[in-house]
Amino acid sequence: MLIRGLALCLGGFILLRIGIAEGRRAALFTSAFWTTFPQFPRYRLRRLWPAAPGIAGTILLIWGLVLLFQWLLAYYAARLGHPLS
């Protein structure tokens, strides 16, 4: 679980970095992009593809952090004993 969690966190972090870099390059984080979105919806929808790796990266990062937290809880439960036993 530790290795999977670390791998998911690393993959999620890399995808998130790629998504943020591509989003900056496509100017997704500017107000001009979003204020002109209603006037040019077809063109703007085609420019939203860099958000996909960022969203996937965020999901993988959260999933990896959940696995790491579960591993940490299991590790300390095994080391110190379960608090209810």
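The sections below set out a description of the structure shown in this document. As the structure is a computational prediction, the values presented were derived from the model and not from experiment.

Here's the deal with the packing of helix H1 (residues 2-25) against helix H4 (residues 51-80)
At a closest axis distance of 7 Å, the pairing of H1 and H4 adopts a crossing angle of 155°. As far as their axial angle goes, H4 and H1 are roughly antiparallel. By crossing handedness, the relation of H1 to H4 is classed as left-handed. Looking at the contact of H1 with H4 residue by residue, the classes come out as 16 nonpolar, seven polar and one charged.

Considering H4
Here H4 contains 30 residues, and its C-alpha end-to-end distance of 43 Å stays within 8% of the 44 Å for a straight helix at 1.5 Å per residue. Regarding H4, the residues found buried are Pro53, Gly54, Gly57, Gly64, Leu67 and Leu68. Residues of H4 that are buried sit in contact with H1. Backbone geometry just after H4 places Gly81 at a positive phi near 90°.

A few points about the packing of aromatic side chains
In the structure shown here, the tally under the stated rule is five aromatic pairs. Taken together, the ring pairs connect Phe33, Trp34 and Phe37 into an aromatic cluster.

Conventions used here
Residues numbered from 1 in each chain as written. Predicted model: local features only at pLDDT ≥ 70, side-chain atom pairs only at ≥ 80, totals over all residues. Heavy atoms only, no water. Axes fitted to C-alpha atoms, helices over the stretch in contact; angles between N-to-C directions. Helix = DSSP H or I, 4+ residues; strand = E, 2+ residues; numbered from the N terminus. Parallel < 35°, antiparallel > 145°, perpendicular 65-115°, else oblique. Left-handed = near helix turned anticlockwise from the far one by under 90°. Nonpolar A, V, L, I, M, F, W, Y, C, P; charged D, E, K, R; others polar. Expected span 1.5 Å × (residues − 1). Buried < 20%, exposed > 50% of the residue type's maximum accessible area, 1.4 Å probe, protein only. Contact = heavy atoms within 4.5 Å. Phe/Tyr/Trp six-rings, centres within 6.5 Å; stacked < 30°, edge-to-face > 60°.

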